[in-house]
Structures are given as C-alpha cells and as structure tokens.
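# Structure at a glance
Residue-level listing of the chains:
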Amino acid sequence: MKIAVWGHPTSEFPEGSDSLQHVKERLGALRDAGISAYLPFVLSHGKACFESETLGSPLRDLLAPVMEAARELEMEVHPIVGFGALGVAERRVYSPGKDAEDVPDWAASWACPSWGENHEIVVRVAGDLLDEYSPDGIHLDYARYPNASVLSEHPCACERCRAARVRWLGKPTLDADDLAIPGVLYKELQMRGEFVRSLVESLRALADERGILLSAATRARYYKDALYEGQDWAEWCRDGLLDFVCPMSYNPCFDRFGRFLEQHRNLVGDTDTQWLAGIGRSSSLGQITATEMARQIRYAATAGADGVCIFHARALGEDDLDALREISG
C-alpha cells in the first residue's frame, strides 16, 4: 500500500537546519519508514519557497534540496498549488457582500475561482514548478470556494459571481429566501462547480502535456462541504481528471473515520483514479497516537484504499516512524 505524507518545508527545515544534508536526513527517515511520496506546501499567502518566474525569487529555495534529496531516495514529490491560503497577492478575491461583519479574514482573502485571472496564475505557477524542478506531479489543495459554513450565510458577491448569477437567476445576489429554494441552490452549486472544475481541467491539460501526475486533497464531507464549495471531486475522478485523490478523512473517532472511508470508497468506485485515504495524525480536528494512526492505516487497506496520505510530516516522531516501518515492512 502506498504511503504519502503532506509536508511543510518552511517549518520542517527552519533557517540553519535547511541544508541538503538536513533535508536528506529527514526525508531519508520518512523513506525508511515506508513513505514513498512527499506532498509539500510550497506557497502560503504569496510567500513561496521555490524559484518562480511568475512570483519572483523566494526568501529561501527549499524545494531544490527537497527535490535533490528525494531523487536520491527514490521518493516522489508533488508540490501543492491552489486557492485560499495557497494563493498569491493581488488577486480577485471572494466577497461576502454588504453588512457581512462575521466573515473571517482568511475567507475575505480567498482567491475566488470565478476569475480566469486566478486560474491563469495558478497554472503559470504550476508550470514554473515543472520547468524549474521537474517534480513527479502537481497536487491541488483548496481547489474550491471558501468553507460551506461561510458560504451558507454569505454566497460570494464578487463582480464575476454577480454577473454569472444574472444570467441564470436574473439578479446578481442571493438572499436567505433564495437559498431555501432547492432549484436556486442547485444552480448556485452548479455555477461554483463549473468555475472550480475549469481550473482542474487546465491543470489536467498541463499534466498531460508534461507527462506528470495530477492529484488533489479534497473535502471529507462530500455532500455537506465539497459540493457546496464547488469541489465535485467524485465527478473529477469519474471523468479522469485526477490520477489520485486524497479525501481528508481526518478524525480521532475511529467509527467516524470508518464511515468516511465507506463513503469515499463508493464515490471513487471503479474509476481509474487511485484513492489515498487521509490520515490526520495532527490536524484541526485533534491528534491521534502512533498506535491509532497505525490502526487507521491498516483499516484503510482492508477498506479497499490504494494507500494513505498522512497529515502531516512534522507531526511524525520516532514512535510514528516505528509504527510505519512495521506496517510497510
């Protein structure tokens, strides 16, 4: 079974501990434990840890030593791009509309998927990564609108979303009464889904052109979150847009984790897309022990997953690596 891990190079390799030797030692420890793919967050709020013609020079180039070490270790690297916190400065962002005082700052700075300019820069950055570093693939995260909890109260009111609604609704914004009408909500979610899918299709074309893999981290709650946010990842799998998908099925509750996996197995179905179950060793939902992590990984194998992807590399200590060695050995 394939074991991948999401990584944060900027915190895993702080200044003074970011030489090729430091990187090689850490990635080597992960590889010895059976982890064969490293999926690094390389861009955060416009700050990159890689060279990019589109973004300019970074404060530190951490992807270069990661790629060099990974090649020696025969380890895959799939840098992460997307919207949300992974976006870049000076972009068209989600707008909560008037009188929206309760919208968090992270949502108000979210690059809205409705804008072609936002798609273009993501694809250009992905192209820069491929030109400069030749990774094994590109990994999508935050490929969606902001969280459903925000959208349910404040559908995006940016200029582009407003114009799109006029075409199918006859007016630019939605109110609470509109959101209570199933047909209106259906058209709104269809609109969001088309905008997000457009980015995925563009990156699929780039991946095919360059002969690399395209994958995505996706919302665990498909019906409650993913579809509401325009992220119809099950459709992307059916239509061959992704080579592998990592639903973020993090949960300290084993029963809840098991229910996620049952649903995700059915959603991926008999498509050609590989399914790596997300394991939340340390996430916003809480932490699990090395023993519980191993239990979830073993369960994912029996549930039919092609592998797992662990969040995140920085959280893996010696106990975790020992547990992974036992599983992969």
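See the structure printed just above.
Residues numbered from 1 in each chain as written. Predicted model: local features only at pLDDT ≥ 70, side-chain atom pairs only at ≥ 80, totals over all residues. Heavy atoms only, no water.

Attention now moves to the packing of aromatic side chains. By the definition in use, this model includes 9 aromatic pairs. Taking the centre distance of 5.4 Å and the plane angle of 65 degrees together, the rings of Trp-110 and Tyr-142 count as edge-to-face. With a gap of 32 residues between them, Trp-110 in the loop between α4 (105–108) and α5 (116–133) and Tyr-142 in the loop between β7 (137–141) and α6 (148–151) connect regions that are remote in the sequence. Residue classification places Trp-110 among the buried residues on the basis of a relative accessible area of 2%. Taking relative accessible area as the criterion, Tyr-142 reaches 25% and is therefore assigned partly exposed. Aromatic side chains Phe-254 and Phe-257 sit 6.3 Å apart centroid to centroid with 40 degrees between the ring planes, which places their arrangement in the tilted category. Here Phe-257 and Phe-254 lie together in helix α12 (residues 254–268), a separation of 3 residues that amounts to about one turn. By relative accessible area, Phe-254 is classed as buried at 17%. Grouped by ring-pair contacts, the aromatic residues Trp-6, Tyr-250 and Phe-311 constitute a single cluster. (Phe/Tyr/Trp six-rings, centres within 6.5 Å; stacked < 30°, edge-to-face > 60°. Helix = DSSP H or I, 4+ residues; strand = E, 2+ residues; numbered from the N terminus. Buried < 20%, exposed > 50% of the residue type's maximum accessible area, 1.4 Å probe, protein only.)

The tally for this structure, following the rule as stated, stands at 23 salt bridges. In this structure, the salt-bridge partner of Arg-60 is Asp-18, at a minimum N-O distance of 2.7 Å. Separated by 42 residues along the polypeptide, Arg-60 in the loop between β4 (47–48) and α3 (63–73) and Asp-18 in the loop between α1 (9–12) and α2 (20–32) bring together distant segments of the chain. Residue Asp-175 pairs with Lys-171 through a salt bridge whose shortest N-O separation is 3.9 Å. Among the residues examined, Asp-175 registers a relative accessible area of 36% and is labelled partly exposed. Note on Lys-171: relative accessible area 31%, which makes it partly exposed. It is possible to trace a salt-bridge network through shared partners that takes in Arg-144, Arg-219, Arg-221, Asp-225 and Glu-229. (Salt bridge = Lys/Arg side-chain N within 4 Å of Asp/Glu carboxyl O.)

Spatially, 9 strands are ordered β5-β2-β1-β13-β10-β9-β8-β7-β6 in an open sheet, and the strand pairing comes out parallel. Across the chains shown, the open sheet's two edge strands, defined by having one partner strand only, are β5 (76–77) and β6 (80–82). Both strand β1 (residues 2–7) and strand β2 (residues 37–40) contribute to a ladder of 4 bridges, which runs parallel. Each bridged residue has a counterpart across the sheet, and for Trp-6 the counterpart in β2 is Leu-39. The sheet strands contacting helix α9 (residues 182–210) are β6, β7 and β8 (213–218), and the helix crosses β8 at an angle near 150 degrees. (Pairing = 2+ DSSP bridges. Contact = heavy atoms within 4.5 Å. Axes fitted to C-alpha atoms, helices over the stretch in contact; angles between N-to-C directions.)

Neither face of strand β9 (residues 244–247) is left uncovered, since the one carrying Phe-244 and Cys-246 and the one carrying Val-245 and Pro-247 both have all their residues buried. By the bridge criterion, 4 bridges tie β8 to β9 in an arrangement that is parallel. Of the residues in β9, the one forming a bridge with Ser-215 is Phe-244. As judged from the 2 bridges shared by β9 and strand β10 (residues 274–280), these two strands associate in the parallel manner. Bridge pairing in β10 places Phe-244 opposite Gln-274. Note on the crossover from β9 through α12 to β10: the handedness is right-handed. (Right-handed = clockwise from strand over helix to strand, strands pointing away.)

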